[in-house]
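# Per-entry structural report
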Amino acid sequence: NTPPDLEIPSDDQRRARTESDMAKESALYSSALGARAGTLPTEEVLFGKFRLRPSQVFYASASGLSLATVNLKPLVPGHVLIIPRRVVPT
C-alpha cells in the first residue's frame, strides 16, 4: 500500500480565504459536531504569530487544551488545523 503522490501547492499559489468564507466553513463544522465541543473562545486566539478570530474556531477539546480551526490557505478542501491552546515560547 503506497499512498498516491500529492502535489502540494506552494504558499504563494494558494489563495487566502476571506473572514466570511472561514466563518461559514467553521459554522458548518461546528453544527456537525453539535454539543460535543467544549467551550469555544470568545476572544482572539494566539497561534504563533497569527491571531485567529473566534469565528475561525469550531471545536474545543473537553479539557480545553486544544482547538480546531479552519485554515486561511488550506492545502486541500476540508483541511483544518488542530492546535494547542497553550502558548510555548520559542
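Before reading further, recall that the structure is shown in the block above.
Along each chain, the written sequence defines residue order, and numbers are assigned to residues from 1. With the structure being a predicted model, the display of local features is reserved for residues of pLDDT at least 70 and the display and counting of side-chain atom pairs for 80 or more, all residues being used for whole-chain, interface and lining totals. Calculation of side-chain values draws on the structure's entire complement of heavy atoms; hydrogens and water are dropped beforehand.

### Comments concerning the overall build of the protein
The helix and strand labels rest on DSSP assignments: H or I over at least four residues marks a helix, E over at least two residues marks a strand, and numbering proceeds from the N terminus. Helix and strand counts for the protein come out as 1 helix and 5 strands. In the protein, the succession of helices and strands from N to C terminus is α-β-β-β-β-β. Along the first, second and third principal axes, the C-alpha set of the protein runs to 35 × 35 × 30 Å. Relative to its 90 residues, the protein shows a buried fraction of 22%. Contacts in the protein between residues far apart in sequence, at least 24 positions, make up 42% of those at least 6 positions apart. Accessibility here uses a 1.4 Å probe with only protein chains present; expressed as a share of the type maximum, an area under 20% marks a residue as buried, one over 50% as exposed, and anything in between as partly exposed. Any two residues whose heavy atoms approach within 4.5 Å at even a single point are treated as in contact.

### Remarks on the pattern of salt bridges
Salt bridges are defined by distance alone: a side-chain nitrogen of Lys or Arg within 4 Å of a carboxyl oxygen of Asp or Glu. Enumeration according to the criterion identifies 4 salt bridges in this entry. Among the ionic pairs, aspartate 11 bridges to arginine 14, the shortest N-O distance being 3.3 Å. The exposure class assigned to arginine 14 is buried, which follows from its relative accessible area of 16%. Glutamate 25 serves as the salt-bridge partner of arginine 17, at 2.2 Å between the closest nitrogen and oxygen. Here arginine 17 falls in the buried class, since its relative accessible area comes to 15%. Here glutamate 25 falls in the buried class, since its relative accessible area comes to 14%. Beyond isolated ion pairs, a larger network of salt bridges with shared partners links Asp11, Arg14 and Lys73.

### A few points about the nonpolar core
With 6 residues, the main nonpolar core is built from Val45, Leu52, Val57, Ala60, Leu67 and Ile83. Setting aside residues up to four positions removed in sequence, leucine 52 forms contacts with Glu44, Val45, Phe47, Thr69 and Ile83. Among buried residues, those of type Ala, Val, Leu, Ile, Met, Phe, Trp, Tyr and Cys that are joined through side-chain atoms within 4.5 Å constitute a nonpolar core.

### A closer look at the pairing of strand β4 (residues 66-70)
Along a regular strand, successive side chains alternate from one face of the sheet to the other. Within β4, 4 of the 5 residues are buried, which leaves the element mostly enclosed by the surrounding structure. Strands pair, by our definition, only if DSSP identifies at least two bridges between them. Alignment of strand β3 (residues 57-60) against β4, held across 3 bridges, turns out to be antiparallel. Considered in β4, the bridge of tyrosine 59 is made with alanine 68. Linkage of β3 to β4, two consecutive antiparallel strands, is achieved through a turn of 5 residues, within which glycine 64 is found at a positive phi near 80°. Pairing geometry for β4 and strand β5 (residues 80-84), over 5 bridges, is antiparallel. Counterpart to leucine 67 in the pairing with β5 is isoleucine 83.

### Regarding the environment of alanine 23
Structurally, alanine 23 is set in helix α1 (residues 19-33). A sequence separation of 30 residues divides alanine 23 from arginine 53, and the C-alpha atoms of the two residues are 9.0 Å apart.

### Things to note about a nonpolar patch on the surface
Residues form patches when they are more than 30% accessible in relative terms and have no salt bridge. Like charges link within 9 Å. Nonpolar side chains (Val, Leu, Ile, Met, Phe, Trp, Tyr) link within 5 Å. Note on areas: Shrake-Rupley with a 1.4 Å probe; residue coverage comes only from the protein chains shown. Taken together, the side chains of Leu6, Ile8, Leu75 and Val76 make up a nonpolar region of the molecular surface, amounting to roughly 360 Å² of accessible area. Mapped onto the elements of the fold, leucine 75 is located in the loop between β4 and β5. By relative accessible area, leucine 75 is classed as partly exposed at 35%.

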